[in-house]
Amino acid sequence: NAYNSWMRTSALAFFPDGRLAVATLAGDVWMVTGIDKGLEKVEWKRYAAGLYEPMGMKVVDGVLVVGTRGRIVKLHDYDGNGEADFYEAFFNEREPSKGWHAYSFDLVVGDDGSYYYARVGGFSDWSVPGGIVRVSADGKSSEVVGAGLRVPNGIGVLPDGRITFGDNQG
């Protein structure tokens, strides 16, 4: 790519119009267009940069919401040029970790609009031994809704609204 960015993909999210957002562990977010059956006109454009280990993304009401280490950020393109020009700090953790492997994995949205992500317990200085965090729909509050995870691999939402996760104990 034109920026010589290392493409270690860490999260994906699709927009309703078919665009794909691709995050990299180094902190870039790319928009990919032209994804169709033939894949003959695929184009990549950097949408945002400088995020801290983005490892979860969702498109909510047309806005790309990114889960990073220590926060949830909403990326806005107000001038319509295809690049985020405002990074909204939607939610900041009260206790971000400096641990070398203290990732926040995945980002899902519950039926009530709240956000969920998984935090590593092992290799972290977080006071909770790993857990699932629920962030209110307005981003003003959070709570741990499950604890005891070593290194969660990601989370999901079942059709009935239950939150699921896979933990890596190896």
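See the structure printed just above.
These numbers come from a predicted model, not from an experiment.

## Quick notes on the nonpolar core
At step 1: Within the largest apolar cluster, 16 residues are counted, with the highest numbers of intra-cluster contacts made by Ala21, Val29, Tyr47, Met57, Leu64 and Leu75.
At step 2: At the level of elements, strand S1 (9–14), strand S2 (20–24), strand S3 (29–33), strand S4 (43–48), strand S6 (63–68) and strand S7 (71–76) are the ones that each hand at least two residues to this core.
At step 3: Excluding residues that lie within four positions of it along the chain, Ala21 makes contacts with Ala11, Leu12, Ala13, Phe15, Val29, Trp30, Met31, Met57 and Leu64.
At step 4: Residues Leu25, Tyr103, Leu149 and Val151 belong to the second largest nonpolar core, which totals 12 residues.

## Some points on the side chain of Asp28
At step 1: If you trace the backbone, Asp28 turns up in the loop between S2 and S3.
At step 2: Within the structure, Asp28 has its side chain in polar contact with the side chain of Arg46 (distance 3.5 Å).
At step 3: Setting aside chain neighbours within four positions, we find Asp28 in contact with Ser5, Val22, Ala23, Arg46, Ala48, Ala49 and Gly50.

## What about the pairing of S7?
At step 1: Of all the six residues making up S7, five are buried; the element is thus mostly covered by neighbouring parts of the structure.
At step 2: Of the pairings in the sheet, the one linking S6 to S7 comprises five bridges and is antiparallel in character. What sits directly across from Val65, in S7, is Lys74.
At step 3: The turn joining S6 and S7, which pair antiparallel and follow one another in sequence, is formed by two residues; a positive phi near 90 degrees is taken by Gly70.

## Here's the deal with empty space enclosed by the protein
In this approach, a probe sized like a water molecule rolls over the atoms, and the result shows the empty space that is left.
At step 1: This structure, assessed with the given rule, holds one cavity of 30 Å³ or more.
At step 2: Put simply, the largest cavity is a space of about 30 Å³.
At step 3: If you list the elements that add at least two residues to the lining of the largest cavity, you get S6, S7 and strand S9 (104–109).
At step 4: It is S9 that provides the largest number of residues to the lining of the largest cavity, a total of three residues.
At step 5: The class makeup of the residues in the lining of the largest cavity is three nonpolar, three polar and two charged.

## Points about the environment of Ile35
At step 1: Looking at the element boundaries, Ile35 is found in the loop between S3 and S4.
At step 2: With relative accessibility at 36%, the residue Ile35 sits in the partly exposed group.
At step 3: Separated by 97 residues in sequence, Ile35 and Ile132 have C-alpha atoms that sit 33 Å apart.
At step 4: The contact partners of Ile35, leaving out residues within four places of it in the chain, are Phe14, Gly18 and Leu20.

Conventions adopted
Residues numbered from 1 in each chain as written. Predicted model: local features only at pLDDT ≥ 70, side-chain atom pairs only at ≥ 80, totals over all residues. Heavy atoms only, no water. Core = buried A, V, L, I, M, F, W, Y, C linked by side-chain atoms within 4.5 Å. Buried < 20%, exposed > 50% of the residue type's maximum accessible area, 1.4 Å probe, protein only. Helix = DSSP H or I, 4+ residues; strand = E, 2+ residues; numbered from the N terminus. Contact = heavy atoms within 4.5 Å. Polar contact = N/O pair within 3.5 Å; in protein donor to acceptor, adjacent residues only side chain to side chain. Pairing = 2+ DSSP bridges. 1 Å grid on protein atoms, 1.4 Å probe; cavity = no way out; pocket = protein on both sides within 12 Å on 5 of 7 lines; lining within 4 Å. Points joined across faces, edges and corners; volume = space filled by probe spheres on them. Nonpolar A, V, L, I, M, F, W, Y, C, P; charged D, E, K, R; others polar.

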